[in-house]
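Structural characterization, general
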Amino acid sequence: MKKITALILLNITVTVGIGTLTPKVTNAQLFYPPASDRHSLMVIGQGVVRVPADTADIELVFSSGSSNDQLQTQPSSLPETRPISLPTLLLNYKTAAESLPSKKSLTKATLEPIVNSLVAKGIRADKIQVQINPNSSDNNAKILVRLEKPTRDRVQEIVGTTNKSTSQIENLSVKSVGVEYAVNDCQALQSSVYQSAMKDAQSRAQALATAMEVKLSTPSVAEPFYTLFYPSCGSKTGVPLPSFASFLLSPVYNPDAPAEVEMKKDIFVTYTTK
């Protein structure tokens, strides 16, 4: 019988909270900045800031046609007594396909009653855009609405008006609704969330230091590596940096959501202790 020798490395040290920094834990510096002293305290600061939105971009997607537009073959309709040759089968299929009513392409004229209903609700015409995609196989179109100083009730009113107007147009339905809130000064919001994250880190560190009867020195601060995948304020006006937890979320319309922008920020902070 062959013996299997397992080599167990006991010299790897993982530091959580307070520990001794040695060359063997250099990989931990991916998350925490290095400390200048052997004894250190490491915490995560989580900042959250919520402010009222300056604008709301409402995306209304429409589709045309019904489920009956597609050819459906019923087993009972197929001949049972004699075989069908291939040329006859192709001819019958072509005849059936040509007899189907073609999908009516969406145009700006189709959506004009909806646009008029929005204008009647106080939306300026220059704040409404209609986008038609003639190459779309799904036969979709969009209406984009920009609201200034939005409120939850106002957004609900716009969506409700759209649904009511759409229901009065034959073979037209609202496929999806999306709402994206934004602020005009994203840099100011980002500065506030950094301060919030630092304040949270100081509070955590002070609580730990008091419990361990040590004093804190000037900290070192680092940002998480995953923030590199987030859009910055400069990439698009009003787009906040999302938190790690909300990285995969999309701006799908939620009628109960407040008309505000939330920004979250994580930082890694290392304090030396004495």
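Residues numbered from 1 in each chain as written. Predicted model: local features only at pLDDT ≥ 70, side-chain atom pairs only at ≥ 80, totals over all residues. Heavy atoms only, no water.

1. Some words on the overall build of the chain
A tally of helices and strands in the chain yields 4 helices and 8 strands. Its helices and strands in sequence order give the chain the pattern β-β-β-α-α-β-β-α-β-α-β-β, from N to C terminus. Considering the chain as a whole, with its 274 residues, one finds that 31% of them fall into the buried category. Counted over contacts in the chain with a minimum sequence separation of 6, partners at least 24 positions apart contribute 79%. Summed over all atoms, the accessible surface of the chain reaches about 18,300 Å², with 54% contributed by carbon and sulfur. (Helix = DSSP H or I, 4+ residues; strand = E, 2+ residues; numbered from the N terminus. Buried < 20%, exposed > 50% of the residue type's maximum accessible area, 1.4 Å probe, protein only. Contact = heavy atoms within 4.5 Å. Areas by Shrake-Rupley, 256 points an atom, 1.4 Å probe, with all protein chains shown as cover.)

2. So, the side chain of T161
The topology assignment puts T161 in helix α3 (residues 152–167). Overall, the relative accessible area of 11% leaves T161 in the buried class. If we ignore the near neighbours within four places in the chain, the residues touching T161 are S117, L118 and K121.

3. What about the sheet that holds strand β5 (residues 140–148)?
Hydrogen bonding along the main chain pairs the strands of a sheet, whether they run parallel or antiparallel. Judged by pairing direction, the sheet is antiparallel, and its 4 strands sit side by side in the order β4-β5-β3-β6 without closing on themselves. Of all strands in the sheet, those bounded by a partner on one side alone are β4 (128–132) and β6 (172–182). Sheet twist, expressed as the average angle between the axes of neighbouring strands with direction ignored, equals 15°. Two strands pair when backbone bridges link them, and β4 and β5 are joined in this way by 5 bridges, in the antiparallel orientation. Note on β5: the bridge partner recorded for Q131 is K142. Sheet strands in contact with helix α2 (residues 108–120) are β3 (55–64), β4, β5 and β6, and its direction is about 165° off that of β4. Where α3 meets the sheet, its contacts fall on β3, β5 and β6, and the angle it forms with β6 comes to roughly 165°. (Pairing = 2+ DSSP bridges. Axes fitted to C-alpha atoms, helices over the stretch in contact; angles between N-to-C directions.)

4. Thoughts on the pattern of salt bridges
Enumeration according to the criterion identifies 11 salt bridges in this entry. Taking the shortest distance from any N to any O, the salt bridge between D126 and R124 comes out at 2.6 Å. With respect to burial, D126 and R124 carry one shared label: exposed. Here K264 makes a salt bridge to E262, at a shortest N to O gap of 3.5 Å. You can call K264 partly exposed: its relative accessible area is 29%. A cluster of three or more residues bridged by salt bridges with shared partners is formed by R50, E262 and K264. (Salt bridge = Lys/Arg side-chain N within 4 Å of Asp/Glu carboxyl O.)

5. A short note on the pairing of strand β8 (residues 260–272)
Within β8, 10 of the 13 residues are buried, leaving the element largely enclosed by the surrounding structure. As defined by bridge partners, strand β2 (residues 39–52) adjoins β8 across 13 bridges and the pair is classed as antiparallel. When the sheet's bridge partners are listed, G45 is paired in β8 with I267. Note: strand β7 (residues 220–222) against β8, 3 bridges, orientation antiparallel. Among the inter-strand pairings, A222 is bridged to a residue of β8, identified as F268.

6. Regarding the side chain of T55
Within the fold, T55 resides in strand β3. The contact partners of T55, leaving out residues within four places of it in the chain, are R146, L147, E148, P150, E180, Y181, A182 and N184.

7. A look at the packing of aromatic side chains
This model, assessed by the stated rule, comprises 1 aromatic pair. Relative to Y226, the ring of F225 lies with its centre 5.7 Å away and its plane at 75°, an arrangement referred to as edge-to-face. (Phe/Tyr/Trp six-rings, centres within 6.5 Å; stacked < 30°, edge-to-face > 60°.)

8. Description of unusual backbone geometry
Residue N171 is not a glycine yet carries a positive backbone phi of 60°. If you trace the backbone, N171 turns up in the loop between α3 and β6. Phi is positive for E213, which is not a glycine, with a value near 60°. Looking at where E213 falls in the secondary structure, it is placed in the loop between α4 (186–212) and β7.

9. Some points on a nonpolar patch on the surface
On the surface, a cluster of nonpolar side chains totalling about 390 Å² of accessible area is made up of F225, L228 and F229. Looking at where F225 falls in the secondary structure, it is placed in the loop between β7 and β8. (Patch = residues over 30% accessible without salt bridge, like charges linked within 9 Å, V, L, I, M, F, W, Y side chains within 5 Å.)

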